[in-house]
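# Observations on the model geometry
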Protein chains: 4
Amino acid sequence: MFVVKNSDYKARVANIFVSARFIQDVGYRLRGCGPGWCETELAVEPRHWQQDGFVHAGVQATMADHTAGAAAGTLMRVDELVLTVEFKINLLRTAVADRLFCRADVLRPGRQLTVVESSVFAVAGEKQTLVSKAMVTLALVQQVK
Amino acid sequence: MFVVKNSDYKARVANIFVSARFIQDVGYRLRGCGPGWCETELAVEPRHWQQDGFVHAGVQATMADHTAGAAAGTLMRVDELVLTVEFKINLLRTAVADRLFCRADVLRPGRQLTVVESSVFAVAGEKQTLVSKAMVTLALVQQVK
Amino acid sequence: MFVVKNSDYKARVANIFVSARFIQDVGYRLRGCGPGWCETELAVEPRHWQQDGFVHAGVQATMADHTAGAAAGTLMRVDELVLTVEFKINLLRTAVADRLFCRADVLRPGRQLTVVESSVFAVAGEKQTLVSKAMVTLALVQQVK
Amino acid sequence: MFVVKNSDYKARVANIFVSARFIQDVGYRLRGCGPGWCETELAVEPRHWQQDGFVHAGVQATMADHTAGAAAGTLMRVDELVLTVEFKINLLRTAVADRLFCRADVLRPGRQLTVVESSVFAVAGEKQTLVSKAMVTLALVQQVK
């Protein structure tokens, strides 16, 4: 269903994580990717909390957004960049967790716009609880050299 | 127009910044607040960038969300918490900036739900350019002791 | 997983369609419902078009919203109303179709807020194509007699 | 600030209303437009209600979306179409009104994507009450002859 336009897309996606300083700084880690999808995780620390001890909405939103960008990135051409146009996220439950896991799936690939859904889960041992869900619109744009 | 229910709301809002570890960690700073509004700023550093040298969408989203929460917080009762229900953000321009400024205004206060708009600006000297705009729905919930 | 609080919920959902004048006027039809879900359809006519002969975004948005409300309605108490707080919809493809089908599923039931996802499909014979997807936040509120 | 690329844009916008069958059918009326903005109105009738006698969210969403499209349309080239990519709307108050008024303003014009804000007001005599607000992303696409 999804057409890969860059045979080396896995290295490209890995690079979207390594070279994004904010992603490194907060501590998100790439877990895997394939055509049209990406999975990430975060070991939650107190520095990720909001004022009441829950994982900050911004931590979840950044994870949903970046994982969506990487999922779109699996379908990019070599000379393209991926930029977020907009996203919407519903925080479904207050997230109290040692670990977050995120899965992003391309809902609609496009030449210019790609729409991706991201789900963020609180992980406790074997148990995963959906804590937030996002819909993300991304633009693939020609890289300027 | 806005009814303040906690005469000490400024201290409360200040505390929403000081005690939110993620906000401290990323470096957002409260600049001012009043009934139904809040302003914040961020001195942008390379650690806030995404993979192409722009301010990460997550940095902007966190700022829009947290400033909105603080704006809603100016109208809370002493015994209430503010939690984000959902938000949507449009990234209008790629943000290349040394400083970000955010202004959040309550659009609709409510007993249970408050709707807030946040605008994020890239600041260069005297010039401010709107880089993203968010609409945020927040819930005011009774604190459990 | 979903708790039904009104044994007569199917009649209640049916009534959400029959008594909503705009729904009758545009022509949406209830196809079925169960705990936490609802399905609807629309026989597309030229009066549902926008200026270029595609199904109007508003026709799709109304369908996504109302079907979501009905899905939330399957979990309401007898004395509650369902009201839309907000929704976001992505129009994924221009919809050229004789029939639209919509499926809404509750993602997160709550005492006060319920979050529902709705998918709208263009139907051509046996083939269904996803044309839009919405995330809808709804409030269950006590009916005032 | 806004660059008009079609000197005959007013006729074009008028046509976006006249030729959109759903808009005619529901009864929205163009009130005025200029570079980057559009205003519309609707005489509310019982056929616009949801099940509890409020104006249906879909009626408000359609108005917000179409007025936004027309605002974007004031900045289109002659050979372009405007299509909604996505929108998000917050229903701020239950709308009980004889008349709705909508104002849409372009927040960010773009070659490919235009972002517009729409506000819907309930009108009672001289008084206007904001009942919903939307943020709409639209694509300008080359017309295929």
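Residues numbered from 1 in each chain as written. Chains lettered and ligands numbered in written order. Predicted model: local features only at pLDDT ≥ 70, side-chain atom pairs only at ≥ 80, totals over all residues.

### Side note on the relation of the copies chain B and chain A
Superposition record for chain B on chain A: RMSD 0.0 Å, screw rotation 180 degrees, translation along axis 0.0 Å. Each copy turns onto its partner about a two-fold axis. Identified as the residue of chain B closest to the rotation axis by C-alpha distance is Lys88 of chain B, at 2.0 Å. Interface overlap between copies is the fraction of interface residues in one copy that are interface residues in the other; for chain B against chain A it reaches 97%, indicating a shared surface. (Least-squares fit on C-alpha atoms with pLDDT ≥ 70 in both. Contact = placed C-beta atoms within 7 Å.)

### Some thoughts on the sheet that holds strand β2 (residues 37-43) of chain B
The strand order β1(A)-β2(A)-β4(A)-β5(A)-β6(A)-β3(A)-β3(B)-β6(B)-β5(B)-β4(B)-β2(B)-β1(B) describes an open sheet built from 12 strands, whose pairing is antiparallel. Two strands close off the open sheet at either side, each with one partner strand: β1 (29-34) of chain A together with β1 (29-34) of chain B. For this sheet, the mean inter-axis angle between neighbouring strands, taken without regard to orientation, is 25 degrees. Strand direction decides the pairing type here: strand β3 (residues 80-91) of chain A and strand β6 (residues 127-142) of chain A, joined by 11 bridges, are antiparallel. (Pairing = 2+ DSSP bridges. Helix = DSSP H or I, 4+ residues; strand = E, 2+ residues; numbered from the N terminus. Axes fitted to C-alpha atoms, helices over the stretch in contact; angles between N-to-C directions.)

### Re the packing of helix α1 (residues 9-18) of chain A against helix α3 (residues 57-73) of chain A
All names here are of chain A. It is the contact of α1 with α3, at a shortest axis distance of 9 Å, that shows an interaxial angle of 155 degrees. Between α1 and α3, the angle is such that the two are roughly antiparallel. The crossing of α1 and α3 is right-handed. Contact residues: Arg12, Val13 and Ile16 in α1; Gly69, Ala70 and Gly73 in α3. (Parallel < 35°, antiparallel > 145°, perpendicular 65-115°, else oblique. Left-handed = near helix turned anticlockwise from the far one by under 90°.)

### Regarding the relation of the copies chain D and chain A
Each of the two chain copies can be brought onto the other by rotation about an axis and movement along it. Between chain D and chain A, the superposition needs a rotation of 180 degrees and an axial shift of 0.0 Å, giving an RMSD of 0.0 Å. Of the residues that chain D buries at the interface, 100% are likewise interface residues in chain A, meaning the two copies contact each other through the same surface.

### Examining the interface of chain D and chain A
Between chain D and chain A, the residue contacts involve six residues of the former and six residues of the latter. Of the residues belonging to the side of chain D that touches chain A, the class tally is two nonpolar, two polar and two charged. (Nonpolar A, V, L, I, M, F, W, Y, C, P; charged D, E, K, R; others polar.)

### Digging into the pairing of strand β1 (residues 29-34) of chain C
Residue and element names in this part refer to chain C. Direction of pairing for β1 relative to strand β2 (residues 37-43): antiparallel, over a ladder of five bridges. Bridge pairing in β2 links Arg29 to Glu41. Between β1 and β2, which pair antiparallel in sequence order, lie two residues; one of them, Gly36, sits at a positive phi of approximately 85 degrees.

### Focus: α3 of chain A
Taking 1.5 Å as the rise per residue, α3 of chain A with 17 residues should run 24 Å; its terminal C-alpha atoms sit 24 Å apart, in good agreement. Counting buried positions along α3 of chain A gives 17 out of 17 residues, so the element sits mostly inside the fold. (Expected span 1.5 Å × (residues − 1). Buried ≥ 20, exposed ≤ 12 C-beta atoms within 10 Å, placed from the backbone.)

### Considering the interface of chain B and chain A
The partner chain A presents 32 residues to the 33 residues of chain B that form the contact. Where the side of chain B that touches chain A is concerned, the elements lending two or more residues are α1 (9-18), α2 (21-26), α3 (57-73) and β3 (80-91) of chain B. Here the side of chain B that touches chain A gets 10 residues from one element, more than from any other, and that element is β3 of chain B. Relative to β3 of chain B, β3 of chain A runs antiparallel, the two sharing five bridges. Within the sheet, the bridge partner assigned to Phe87 of chain A lies in β3 of chain B and is Ile89 of chain B.

### Describing helix α1 (residues 9-18) of chain D
Quick reminder: α-helices carry 3.6 residues per turn. Residues three or four places apart thus point the same way. Residues and elements named next belong to chain D. Those residues of α1 that sit buried are Val13, Ile16 and Phe17. Down the axis of α1, the buried set is contained in an arc of 100 degrees. They therefore lie on one face. Across from the buried face of α1, at angles greater than 90 degrees, the exposed residues are Ala11 and Val18. Contacts from the buried residues of α1 go to α2 (21-26), β1 (29-34), β2 (37-43) and α3 (57-73). (Arc of directions from axis to C-beta.)

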